[in-house]
Each structure stands twice: as C-alpha cells, then as structure tokens.
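Below, each chain spelled out in residue letters.
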Amino acid sequence: MSARRPGRGVPPPSDHEQTDTPLGDRAWRRRQVFVPRLRRRLAFAFAAAIAVTSLVMVAGSYVLLRAAQDRDALEGALAQSRFNLLLAQSLLPADPVEGDFRGLLAALAIRGDFEALIVDGGSTYVSGPQVSRALVSADLVRGVQEGRLVYQAVDMMGAETLVVGGRALDQATELYFFYPQAERLAALARVRNVLIALGIALAALGLATGRWIARSMLRPVGQAGRAAARMAGGDLDVRLPESSDEFGAWAASFNMMADSLQTKIAALEEAQVRERRFVSDVAHELRTPVAALVGEASLIETRLRTLPGGTLPPDSRRALELISVDIGRLHRLIEELLEISRIDAGAAEIEWTETNVVEFLGKMMEVHSFDDVQLQATRDIEGLVMLTDRRLLERILLNLVGNARKHGRPPVEIELGAEREREDGRVWITVTDHGVGIAPADLPHIFDRFYKADPSRSASGGSGLGLAIAWETARLLGGSLSSESGVGDSAGARFTLRLPVRIVADSDTIVTDA
Ligand code: ADP
C-alpha cells in the first residue's frame, strides 16, 4: 500500500478541519443559483408561449388578409374586364379599323385605373408606353384565342400587375387589361409591418409577464430556501409566513418542523448542560481526595524505592506500584475533566502576549527535552511576532507531540510557517510522526471527547480527552486544529494547528513583524 505524505514547508491542506463554519449559509449560497435559473426558465417558457402564439396569430391574420385581398382584387379585375369586353363589343364595328381601336382605348381610359392592349391580327394598340405585347405570355394568348377569359400576374416595369385577357364576342380581336397591384400590395406590406410590431410587443409583454409571474410564484421557494439555510446555520427562531395558498400549508409544516426541532434542541442542550455540570461537579468533588491520594502515592513510591529488597513480597510491591500509576492516571483524568469543564463554562483564562513563535517553540522544546523532535521553520515565519496565549499554545503542542510519541513512531517533526493574506495572515504549525497513522473511519471522530482510535493501543495511556481539549483550545486562540493521515505502515499522522497572526482581542491589539 502506498503512503500519502504531505510535502515539507508547504501549508498543509485543511481537510478534516473542524471549525465553526456557517454550513447552511454556504450551502444556500451554492444552491441559490438554481432559483434564478428556474425563474429564468419559467419566464422564458412564458415568453416563448406568448411569442409563438402571437407569431401564429400575426402570420395567420396576414395570410388570411392577403388571400382575401387577392381574391377581391382578382374578382374586381375579372368583373371590370368582362365589362370592358362588352364595351368593346358594343363599340367596335364588324370590321374595325385603327380609328375604332383608338376610340375604344379612349373609352376604356375613362373607365378606371388600368391599361389596355388590343391585338388585332398583326396590329397592336396600347393605352400607354408601359404596355407592350411582350408582357403577354404565350399561355395567356392561347387561352384568349380559345375564347376564355384568362389572367396572369406579370412584372410591368418593376411593379406587380395583373393581366386579364379575353375576346369580345364575335370579334377576333384580343384585348388585354393591365391592373396595377403595387399600391394594394404596399398597403398590405404596411399592415404586415404593423402586425410584426404587434407580435414583438406581445412577445416582450409575454417576457415581462413571465418574469413577474415566475418571480411571484418562486418568491415563497426563495423564502423557504433562505429560512432553511438560516436554520442550518443555527438560527432556530426563523419561521415562514403562513399564507392561504398552497405554499401556506407548506410553510405551516416547515414552521411545525422548526418548532419541534427547536424544542428538541433546547431539551438536548439542557441535558448537555446538566451532563457537563455533573461531570464538572464530580471532577471538583474528586479533586481533593485524589490530590491527597497523589501525595500518598508519591510517599509510597519513595518508600518503595528506599526499602531494601525482599522487605516486601514481590506481588505486594507490584500491587503498590500499580496503585501509584493508576492514581497518577486518575489525577490526570480529573485535571483534564476540570480543564474541559472550564472551557465549556467559558471560564478559561486567556492571556494574550506578543510572542515570537519560532523562539517560543525552540525554548519549549528545550524545557521539555524534545531531543527526539525535529523543528523546522519556513523563512516567512522567522521573526514573526504574533499575539497568543503561550500557556494554551504550549498545551496544544505538548498534547500533539505527546500523542505522536505515544501513538506514532519517530521521527517526530514540527514544521511551522506563515500564510499571508493581504495584511492578515495565519501561522500554521504541523506535528507529524511516522507511525501507523489514523484510520479514515477514525479521522472524523478524532477530536471527539473520550474517543480512542484504537482502545487496545491506548489501554496503557490516556483518556481520549487530550485532542478534544487541544481542539477547544485552538478555538479559544481564534484558530483551528485539523488532522490528516496517510495510509500504510509508517504513513504517520499529521496534525495542523492554524492560528491567526492578527488577533482582534478585547483591546483590538495588532501584531507586527519584529
Ligand atoms: P489519548 O489520551 O488517548 O492520547 P487523545 O485525545 O490525545 O487521547 O487522542 C485520541 C486518540 O487518537 C488516541 O487514543 C489515539 O488512538 C489517536 N491518536 C492521537 N494521536 C495519534 C497519532 N499521532 N497517531 C495515531 N493515533 C493517534
């Protein structure tokens, strides 16, 4: 199995860090992006529905209007043409000459807004210069020659024109009438533009309405999300307004849940306070007799050392030695219980002192004879003076080094460095050993009170309170304590203490580089 060992001199990652983070807030901020997305989707759906509807309406109206207009225009042109043919029949003699055709054109000119073309054998007569025989297709000519009234749309000098052709009864003369459509089509185009503008306005209205509806529909969802996030962040007083709609029922259930949660948590907190007071009382009560026992045990130890061999039977000597060791353990346990009770009661004393952290650690190692421990500091921390409580800092480090020696294997290393963030920063101190490390299943609980990762290994030693006290103490110093471990025989455990360089204590004291 391969071991995972963090590199030297690099600020370690903060997995398993146990700090007071407002989880709910972060989760809500991460998720709230979905509400606007949902809102956008709803608004878009509304707008799309209205846009499609208005498009269908606009296009439909235009198509119907155009069809009706085209039909009317055609019927008008056909009616006019029939009339013109009758007129021609009545005006033209049996064997017409050019003057007759000119007379007919003049008569037609006062009838209406159209042009005329008369084809009589090889001769052509036109009402205006824009009309010519070339405009008349062969199909149209064939239809006229067959005696039918025929029509066709043609382009006359760039303008759409309807041509209707026919023959006057009893006459071989062909007559073609040109009805200009440009004006009518321009009017139709204006109507189309108005309809398009109307469609766009409707789509915009749809978007605005959609946004408004989506926002008002999703407002309770947003409120509920924020309330749940605040609750997750520890604010149990939060409640939702109970309206009379569907959301009201939902809000009522939420509020009931919040009530019941609040009651249960209050009961749990009360029970916890009672339990902690009980532990504290027990520890206080035991302190005096145990102190007396410690004195007596030390007397016994001295006597045992000075008694000549053979004065006591070996099993009695062994029993006395064990009693002395157990009294020592009991004494440590009571001191730890008292310490954690003091922290719980908020009675822990903190004495902020300006501290050169590298010097402090060096001295601490000398005083406690940490000859087997290697100390390494990165360059950025040299000379750094921070505000901390030396006694509390020492307590944490003694526990971590003690554990590394007790539960891990040498070499034990202390590394320290600084992380700068603008004018603020953090000091990190890691304690690493090369033992078996801590199993992944134990890591999340390692700072729990009385937790022992391997009870059999710890049978000889501590209470499982040391790391819990260290964790609470780190918090008292404004920092955090985290643990990580590699996997493998000598993977080792690593504990990281992070402390702020600048503490805003009661006096708002600021720390400077020395
Ligand atoms: P204890 O008094 O038992 O040392 P702690 O709270 O200090 O109590 O530690 C809790 C448990 O965490 C220990 O019993 C041990 O199983 C585990 N532990 C702590 N430090 C280490 C380490 N460096 N290596 C392996 N296990 C450790």
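The rules behind these values
Residues numbered from 1 in each chain as written. Predicted model: local features only at pLDDT ≥ 70, side-chain atom pairs only at ≥ 80, totals over all residues. Heavy atoms only, no water. Pairing = 2+ DSSP bridges. Helix = DSSP H or I, 4+ residues; strand = E, 2+ residues; numbered from the N terminus. Near = heavy atom within 4 Å. Polar contact = N/O pair within 3.5 Å; in protein donor to acceptor, adjacent residues only side chain to side chain. Areas by Shrake-Rupley, 256 points an atom, 1.4 Å probe, with all protein chains shown as cover. Salt bridge = Lys/Arg side-chain N within 4 Å of Asp/Glu carboxyl O. Buried < 20%, exposed > 50% of the residue type's maximum accessible area, 1.4 Å probe, protein only. Axes fitted to C-alpha atoms, helices over the stretch in contact; angles between N-to-C directions. Parallel < 35°, antiparallel > 145°, perpendicular 65-115°, else oblique. Contact = heavy atoms within 4.5 Å. Expected span 1.5 Å × (residues − 1). Arc of directions from axis to C-beta. Phe/Tyr/Trp six-rings, centres within 6.5 Å; stacked < 30°, edge-to-face > 60°.

### Quick notes on the pairing of strand β1 (residues 115–120)
Right, so step 1: Of the pairings in the sheet, the one linking β1 to strand β5 (residues 174–180) comprises five bridges and is antiparallel in character. Considered in β5, the bridge of Glu115 is made with Phe178.
Right, so step 2: Linking β1 to strand β2 (residues 123–126), which pair antiparallel, is a turn of two residues; within it Gly121 sits at a positive phi near 60 degrees.

### Points about the site of the ligand
Right, so step 1: Around the ligand, the surrounding shell holds 22 residues, and the nearest of these are Asn403, His407, Asp433, Ala453 and Leu467.
Right, so step 2: With respect to the ligand, the backbone of Ser463 contributes an N or O atom lying 3.2 Å from an oxygen atom.
Right, so step 3: Coverage of the ligand by the protein amounts to 98% of the 530 Å² it exposes when considered alone.
Right, so step 4: The set of elements that each furnish at least two residues to the shell around the ligand consists of α9 (390–407), α10 (466–476) and β12 (493–500).
Right, so step 5: When residues of the shell around the ligand are assigned to their parent elements, the largest contribution, five residues, is made by α9.

### What about the pattern of salt bridges?
Close approach of charged atoms lets side chains of opposite charge pair.
Right, so step 1: Throughout the structure, instances matching the rule amount to 19 salt bridges.
Right, so step 2: A salt bridge links Glu98 to Arg102; its shortest N-O distance comes to 3.3 Å. With Glu98 and Arg102 both in helix α3 (residues 98–109) and four residues apart, this pair spans about one turn of that helix.
Right, so step 3: Take Glu98: its relative accessible area is 43%, and that puts it in the partly exposed class.
Right, so step 4: Accessibility expressed as a relative area gives 41% for Arg102, which makes it partly exposed.
Right, so step 5: The partner of Asp235 in a salt bridge is Arg230, with the nearest N and O atoms 2.7 Å apart.
Right, so step 6: Overall, Asp235 belongs to the partly exposed group, its relative accessible area being 24%.

### Here we look at the environment of Trp428
Right, so step 1: The topology assignment puts Trp428 in strand β10 (residues 424–432).
Right, so step 2: For Trp428, a relative accessible area of 1% gives the class buried.
Right, so step 3: With 73 residues separating them along the chain, Trp428 and Val501 place their C-alpha atoms 9.8 Å apart.

### A word on the packing of helix α5 (residues 182–232) against helix α6 (residues 246–306)
The relative placement of two packed helices is expressed as an angle between their axes plus a distance between the axes.
Right, so step 1: Interhelical geometry of α5 versus α6 gives an angle of 5 degrees and a closest axis separation of 11 Å. Judged by the inter-axis angle, α5 sits roughly parallel to α6. Residues Met217, Pro220, Val221, Ala224, Ala227, Ala228 and Met231 of α5 touch α6, and the partners they reach there are Phe247, Trp250, Phe254, Met257, Ala258 and Leu261.

### Details of helix α7 (residues 314–344)
Right, so step 1: If you check α7, its first and last C-alpha atoms are 45 Å apart, about what 31 residues at 1.5 Å a residue would give, namely 45 Å.
Right, so step 2: The complete set of buried residues in α7 reads Ser324, Ile327, Ile334, Leu337, Leu338, Glu339, Ile340, Ser341 and Ile343.
Right, so step 3: The elements touched by buried residues of α7 are α6, α9 and α10.
Right, so step 4: The positive-phi residue at the C-terminal boundary of α7 is Gly346, with phi of around 70 degrees.

### Regarding helix α4 (residues 138–145)
Note: α-helices contain 3.6 residues per turn, so residues at a spacing of three or four share the same orientation.
Right, so step 1: Those residues of α4 that sit buried are Leu140, Val141, Gly143 and Val144. Seen end-on, α4 carries its buried residues on one side only, within an arc spanning 160 degrees. Turned more than 90 degrees off the buried face of α4, the exposed positions are Ala138 and Asp139.
Right, so step 2: Close packing links the buried residues of α4 with β3 (150–156), β4 (159–167) and β5.
Right, so step 3: Taken from the residues just after α4, Gly147 is the one with a positive phi, measuring 90 degrees.

### Considering the side chain of Ser324
Right, so step 1: Turning to its location among the elements, Ser324 is positioned in helix α7.
Right, so step 2: Taking the relative accessible area as the measure of exposure, Ser324 reaches 7% and is therefore buried.

### Examining the packing of aromatic side chains
The description of an aromatic ring pair rests on the distance of the ring centres and on the angle between the ring planes.
Right, so step 1: Under the definition given, this model contains five aromatic pairs.
Right, so step 2: Taking 5.6 Å as the distance between ring centres and 45 degrees as the angle between the ring planes, the aromatic pair formed by Phe247 and Trp250 counts as tilted. Taken together, the residues Phe247 and Trp250, both in helix α6 and three residues apart, mark about one turn of the helix.
Right, so step 3: You can call Phe247 partly exposed: its relative accessible area is 27%.
Right, so step 4: Judged by centre distance (6.1 Å) and plane angle (85 degrees), the rings of Phe447 and Phe495 are edge-to-face. Taken together, the residues Phe447 in the loop between β10 and α10 and Phe495 in strand β12 connect sequence positions 48 residues apart. Both residues of the pair, Phe447 and Phe495, count as buried.
Right, so step 5: Members of the aromatic cluster, joined through ring pairs, are Phe114, Phe177 and Tyr179.

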